[in-house]
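Observations on the model geometry
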Amino acid sequence: MPVTDYEKVDVYPLDPAVQEQLLREQNECVFCWGTRDHWPVGMVMSYVWRRDRFWLTAAKQRARVAALKRDDRVSLSVSSVGTSLGPAKTVTVKGRCRLVDDRATKDWFYPALSAAIVPGSEAGQKAFQAMLDSPNRVIFEVTPVKWFSFDSIKMMEDSLFPEV
């Protein structure tokens with residue numbers, strides 16, 4: 001039955017396979033944390049989705065690293081814009097962020113992030129990897145706690161629009 005308003009849109013989540021595809025294809029998210037004075041802040045950051053977690057990185061002197069040491073609660077939002085899925089699909093998570101800097105994690109994460117950011121250029125990937133592998137860098141491991149997803153194509157198909 002067609003909808004007549006957009007008051008209740010949580011009935012249009014992404015299908016699990018589409019969500020997984022989105023998380024693997026996209027390499028950019030809005031990463032949000034809270035400041036010392038409780039203001040929410042968001043930054044566009046590159047990520048990779050592996051092992052059912054989001055993996056990101058920043059230099060240790062960034063304000064967000066100090067904030068994460070105080071409070072590990074974060075949120076990430078991922079859009080399908082720029083992927084093979086086209087626009088109109090989103091995933092948001094509330095999660096817990098653990099800061100890691102062990103060699104084993106760096107050894108798999110830096111190549112994975114480099115491949116996501118500089119696809120198709122082995123030389124570019126190696127150069128990016130070398131820049132990442134610096135002494136004052138930390139990796140964010142975000143474990144999702146709660147998921148929110150939205151597929152506006154489903155909503156449009158269920159709307160009063162004659163054709164989508």
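Cut-offs applied
- In this convention, every chain numbers its residues from 1, walking through the sequence in written order.
- Per-residue local features of the predicted model are confined to residues with pLDDT of at least 70, and side-chain atom pairs are confined, for both listing and counting, to 80 or more; whole-chain, interface and lining totals are unaffected and use all residues.
- Heavy atoms from the whole structure form the basis of all side-chain values; hydrogens and water molecules are not counted.
- When DSSP locates at least two bridges between a pair of strands, those strands are taken to pair.
- The helix count covers DSSP runs of H or I at least four residues long, the strand count covers runs of E at least two residues long, and both are numbered beginning at the N terminus.
- Orientation is described by lines fitted to C-alpha atoms, with helices fitted over the stretch in contact, and by angles between N-to-C directions that extend from 0 to 180 degrees.
- It only takes one pair of heavy atoms within 4.5 Å for two residues to be counted as in contact.
- Categorising residues by exposure relies on relative accessible area from a 1.4 Å probe, with only protein chains included: less than 20% of the type maximum marks a residue as buried, more than 50% marks it as exposed, and the intermediate range marks it as partly exposed.
- By definition, the arc is the one covered by directions from the helix axis to the C-beta atoms.
- Between 65 and 115 degrees an angle is taken as roughly perpendicular, under 35 as roughly parallel, over 145 as roughly antiparallel, and anywhere else as oblique.
- Crossings are assigned a handedness: left-handed for a near helix turned anticlockwise from the far helix by less than a right angle, right-handed for a clockwise turn.
- Residues belong to one nonpolar core when they are buried, are Ala, Val, Leu, Ile, Met, Phe, Trp, Tyr or Cys, and are joined through side-chain atoms within 4.5 Å.
- By the criterion applied in these results, polar contacts are pairs of N or O atoms within 3.5 Å in which, for protein atoms, one can donate a hydrogen and the other can accept it, and in which residues neighboring in sequence qualify only through two side-chain atoms.
- Criterion for a salt bridge: a side-chain nitrogen of Lys or Arg within 4 Å of a carboxyl oxygen of Asp or Glu.

Turning next to the sheet that holds strand β7 (residues 137-151). Across the sheet, seven strands lie side by side as β2-β1-β5-β6-β7-β4-β3; this open sheet has antiparallel pairing. At either margin of the open sheet sits one strand with a lone partner, and together these are β2 (40-46) and β3 (48-50). On average, each strand axis in the sheet is tilted by 35° relative to the strand beside it, whichever way the strands run. As defined by bridge partners, β3 adjoins strand β4 (residues 53-59) across three bridges and the pair is classed as antiparallel. Among the inter-strand pairings, Arg50 is bridged to a residue of β4, identified as Arg53. The strands that helix α2 (residues 63-70) touches are β1 (28-34), β2, β4, β5 (73-79), β6 (89-100) and β7; relative to β1, the one it contacts most, it runs at about 55°.

Turning next to α2. Think of an α-helix as 3.6 residues a turn; residues three or four steps apart then line up on the same face. For α2, every residue scored as buried is listed here: Arg64, Val65, Ala67 and Leu68. For α2, the buried positions fall inside an angular range of 160° around the axis, keeping them on one side. In α2, those exposed residues whose orientation departs by more than 90 degrees from the buried face are Ala63 and Lys69. Those residues of α2 hidden inside the fold are in contact with β1, β2, β4, β5, β6 and β7.

It is the contact of helix α3 (residues 103-117) with helix α4 (residues 122-132), at a shortest axis distance of 9 Å, that shows an interaxial angle of 130°. Between α3 and α4, the crossing angle belongs to the class labelled oblique. For α3 against α4, the interelement crossing comes out right-handed. Facing Tyr110, Pro111, Leu113, Ser114, Ala115 and Ile117 of α3, the residues of α4 in contact are Gln125, Phe128, Gln129 and Leu132.

The biggest cluster of nonpolar side chains holds 26 residues, and the ones touching the most others in it are Phe31, Phe54, Leu56, Leu76 and Phe140. Looking at this core, the elements with two or more residues in it are α1 (16-25), β1, β4, α2, β5, β6 and β7. Other than its neighbours up to four places away in sequence, Leu76 contacts Cys29, Val30, Phe31, Phe54, Leu56, Val91, Thr92, Val93 and Val142. Grouped together as the second largest cluster of nonpolar side chains are 10 residues, Val48, Val100, Phe109 and Leu113 included.

One can find Thr57 in strand β4. A residue is classified by how much of its surface remains accessible, and Thr57, at 13% relative accessible area, is buried. A distance of 3.1 Å separates a polar atom in the side chain of Thr57 from a polar atom in the side chain of Arg137. A polar side-chain atom of Thr57 sits 2.7 Å from the main-chain carbonyl oxygen of Val138.

So, about the pattern of salt bridges. Tallied over the full model, the rule gives 10 salt bridges. Of the charged contacts, one joins Glu141 and Arg53 as a salt bridge, the two residues approaching to 2.9 Å between their closest N and O atoms. Residue Glu141 is located in strand β7, and its partner Arg53 is located in strand β4; the two are separated by 88 residues in the primary sequence. Residue Glu141 is classed as buried on the basis of its relative accessible area, which comes to 9%. Ionic pairing is found between Asp133 and Arg103, a salt bridge with its closest N-O pair at 2.8 Å. Separated by 30 residues along the polypeptide, Asp133 in the loop between α4 and β7 and Arg103 in helix α3 bring together distant segments of the chain. Its relative accessible area of 42% is what places Arg103 among the partly exposed residues.

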